[in-house]
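Spelled out from the first residue to the last, the chains are:
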Amino acid sequence: MVERCGERLKMRNRLCWSAVWSLGILGFISGCSAKNAGKPISQVPDLSGIWLGKAIQSLSPSDPTAQKPGAEGDIPYTPWAIARMKAERPATGRNQTFANTTDPALKYADPDGYPRASIHPMRFKIVQTPDYIYQIWEYNKSWRQIALNRPHSEVPDISWFGESVGKWEGDTLVVDSVGFNDSTWLDPIGHPHTEDLHIIERIRRVDPETLVFNFTFDDPKAYTKPWDGQLAFKLKTDGIMTETIYTISDELRFRQRFLNEKPTIPIRPSH
Amino acid sequence: MKGKVFALGVLLTAIPLFAHHGGTSLYDMSKEVTLEATVTEFIWTNPHVEIGLDTKDDKGKVRHWILEASSPPVMVNRGWNRKSLQPGDVMKVTFNPAQRGGSVGRLIKLIKADGKEL
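In this text the structure is predicted, and so the values were computed from the model without any measurement.

> Is there a simple way to think about the overall build of chain B in this case?
Counting its regular elements, chain B contains one helix and six strands. Starting at the N terminus and ending at the C terminus, chain B contains elements arranged as β-β-β-β-α-β-β. Looking at chain B residue by residue over its 118 residues, the buried ones come to 36%. Counting only contacts in chain B whose residues sit at least 6 apart along the sequence, the fraction spanning at least 24 positions is 58%.

> What am I meant to see in the overall build of chain A here?
Helix and strand counts for chain A stand at four helices and nine strands. Out of the 271 residues in chain A, the part that is buried amounts to 34%. Across chain A, the fraction of contacts at a sequence separation of at least 24, relative to all contacts at a separation of at least 6, is 55%.

> What should I look at first to understand the sheet that holds strand S6 (residues 172–178) of chain A in this one?
Residue and element names in this part refer to chain A. An order of S1-S2-S3-S4-S5-S6-S7-S8-S9 is seen for the nine strands of this closed barrel, with the pairing classed as mixed. Strand-to-strand, the axes of this sheet are offset by a mean angle of 30°, without reference to chain direction. Here S6 pairs with strand S7 (residues 198–207) via six bridges, running antiparallel. By the bridge assignment for S7, Asp-176 is matched with Ile-200.

> Explanation requested: the environment of Trp-160 of chain A in the structure shown.
Residue and element names in this part refer to chain A. Checked against the element boundaries, Trp-160 lands in the loop between strand S4 (143–148) and strand S5 (163–169). Here the alpha-carbon distance between Trp-160 and Thr-184, two residues 24 residues apart in the chain, equals 7.4 Å. Setting aside anything within four residues of it in sequence, one finds Trp-160 in contact with Pro-111, Gly-113, Asn-181 and Thr-184.

> Would you explain the interface of chain A and chain B in this entry?
Of the residues lining the interface, 24 residues belong to chain A; the matching set on chain B comes to 21 residues. The greatest single-element share of the side of chain A that touches chain B, amounting to five residues, is contributed by helix H4 (residues 248–259) of chain A. A breakdown of the residues in the side of chain A that touches chain B according to their chemical character gives twelve nonpolar, six polar and six charged.

> In this structure, what is going on with the environment of Pro-76 of chain A? I would like to understand it.
All names here are of chain A. With respect to the secondary-structure elements, Pro-76 resides in the loop between strand S1 (49–52) and helix H2 (79–87). Overall, Pro-76 belongs to the partly exposed group, with 13 C-beta atoms counted inside 10 Å. Measuring from C-alpha to C-alpha, the distance between Pro-76 and Asp-171 comes to 30 Å, with 95 residues separating the pair along the chain. If we skip the residues at most four places from it in the chain, Pro-76 touches Tyr-223, Thr-224, Lys-225 and Trp-227.

> Just checking my understanding: could you explain the nonpolar core for this structure?
The tendency in soluble globular proteins is for nonpolar side chains to be buried as a group. Counting 41 residues, the largest nonpolar core has Ile-146 of chain A together with Ile-51, Leu-53, Leu-67, Ala-69, Val-93 and Leu-107 of chain B as the members making the most contacts within it. Ile-75, Phe-180, Ile-199 and Tyr-223 of chain A belong to the second largest nonpolar core, which has ten residues in total.

> Explanation requested: the pairing of strand S9 (residues 227–236) of chain A in the structure shown.
Across a regular strand the side chains alternate sides, sitting on one face of the sheet and then on the other. Residues and elements named next belong to chain A. Taken together, the three bridges between S1 and S9 define a ladder with antiparallel strand orientation. Each residue of the ladder has a partner; that of Trp-51, found in S9, is Leu-235. By the bridge criterion, eight bridges tie strand S8 (residues 210–218) to S9 in an arrangement that is antiparallel. Opposite Phe-217, over in S9, you have Trp-227 as the bridge partner.

> When you look at the confidence of the model for chain B in this model, what are you seeing that I'm missing?
Caution is warranted with low-pLDDT regions, since their predicted coordinates should not be read in detail. Taken residue by residue, chain B gives an average pLDDT of 83. The fraction at 70 or more is 81%. Taken as a whole, residues 1–18 of chain B scores under 50 in pLDDT and shows 33 contacts with residues more than four places along the chain or in a different chain.

> Looking at this structure, how should I read the confidence of the model for chain A?
Residues and elements named next belong to chain A. On average, residues of chain A score 88 in pLDDT, and 85% of them are at 70 or above. Segment residues 1–13 is flagged for pLDDT under 50; beyond a separation of four residues in sequence, or across chains, it makes ten contacts in the model. Contacts for the low-pLDDT stretch residues 25–36, under 50 throughout, to residues beyond four places or in other chains number eight contacts.

> Whenever I open this one, unusual backbone geometry confuses me. Can you help?
Across the chain, the bulk of peptide bonds are trans and the bulk of non-glycine residues have phi less than zero. A cis amide bond links Tyr-114 of chain A to the next residue, Pro-115 of chain A, at an omega of 10°. Take Pro-115 of chain A: it is sitting in the loop between helix H3 (104–107) and strand S2 (123–128). In the segment running from Asn-46 of chain B into Pro-47 of chain B, the intervening peptide bond is cis, with an omega of -5°. Even without glycine at this site, Ala-109 of chain A takes up a positive phi of about 60°. The exposure class assigned to Ala-109 of chain A is buried, which follows from the 20 C-beta atoms found within 10 Å.

> Got a minute to help me understand the pairing of S6 of chain A in this structure?
Residues and elements named next belong to chain A. Burial along S6 is one-sided: the residues Leu-173, Val-175 and Ser-177 are buried and none of Thr-172, Val-174, Asp-176 and Val-178 is. Pairing of S5 with S6, which is carried by seven bridges, proceeds in the antiparallel orientation. What sits directly across from Val-165, in S6, is Asp-176. Between S5 and S6, which follow one another and run antiparallel, lie two residues, and Gly-170 among them has a positive phi close to 65°.

> Quick question: what am I supposed to make of the environment of Val-206 of chain A here?
Residue and element names in this part refer to chain A. Within the secondary structure layout, Val-206 lies in strand S7. The exposure class assigned to Val-206 is exposed, which follows from the 10 C-beta atoms found within 10 Å. Sequence separation between Val-206 and Thr-172 is 34 residues, and the spatial gap between their C-alpha atoms is 9.4 Å.

Criteria and cut-off values
- Residues numbered from 1 in each chain as written.
- Chains lettered and ligands numbered in written order.
- Predicted model: local features only at pLDDT ≥ 70, side-chain atom pairs only at ≥ 80, totals over all residues.
- Helix = DSSP H or I, 4+ residues; strand = E, 2+ residues; numbered from the N terminus.
- Buried ≥ 20, exposed ≤ 12 C-beta atoms within 10 Å, placed from the backbone.
- Contact = placed C-beta atoms within 7 Å.
- Pairing = 2+ DSSP bridges.
- Axes fitted to C-alpha atoms, helices over the stretch in contact; angles between N-to-C directions.
- Nonpolar A, V, L, I, M, F, W, Y, C, P; charged D, E, K, R; others polar.
- Core = buried A, V, L, I, M, F, W, Y, C linked by C-beta atoms within 7 Å.
- pLDDT = per-residue confidence, 0-100.

Given below as structure tokens:
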């Protein structure tokens, strides 16, 4: 596991730098594009800005604090998904365990994936261009691209954040996403999904200060019918974007100090 | 500074001011401890900010605590920064103690000597 964690860490560092360069290049290309397939920004709602959400634990609309995971009543689990819920040990909710959690984001420092990336009580920034919308999270400095007015790839890649395409319907941005790595959880309580997950989002700035994402999760192997969730965010105008990058080295040090756990690998010395 | 336990209360409900790395599986949310303390270290770090404190009992015996706060971005949203505390700062601090005992806790709030609450 130690070697695996080390490799994941190295890979994540490479991915972070790759993401930074890719974003810069994409922004440059987008800005220079002679072919502007999208409407001018002035003709569509402005979603840009820094947005801050609340700390919820579950996407279940009836159980945001995760007091009855697996029995919420508003999530139509398949037997496979119920078995997954019972097998996982989240670090939140009623029966939480931190020390022995199976949460992949905590145990392996895996990326949160989507939509879990938006569930931290942290900020994200939306950068809006005529052809692309970028969502950039403080947490783990991760990001996703929503390509406007384009179809999905013929064979979408499987990735942590999926492949997203979008279009404007009046004042609402409708985003269609597929190609999700099935090792992520939808939320901190551990709602599972498969690689067949298909997310439809309807994103609307309901007032100048509030951005609402309405989700429909469609994943027949995990859920017997599509189900809905919602996240809302408040505008922050101070311009601040900080970072929390979750690393194995920091986590081992934390566990040594607060849980008295012996590190599985030597802790990176502080300087 | 005279160390003194101000309160050791059992609450019916506990609404955390901060998101924490470890939740109820690590900390006893039904208890709040309030102490006068002196900061020994303030580590602005991931995954969560850490505060080292010394307290003294009535006989002058020093006890060292470490408290878990929240992650830096969440702390920033609440008006903190990496220089909000300095070693030597004196304060009244309230926290949930660790389930397993020891001198470990989860920060709820603190009031600095000048009355400023963080």
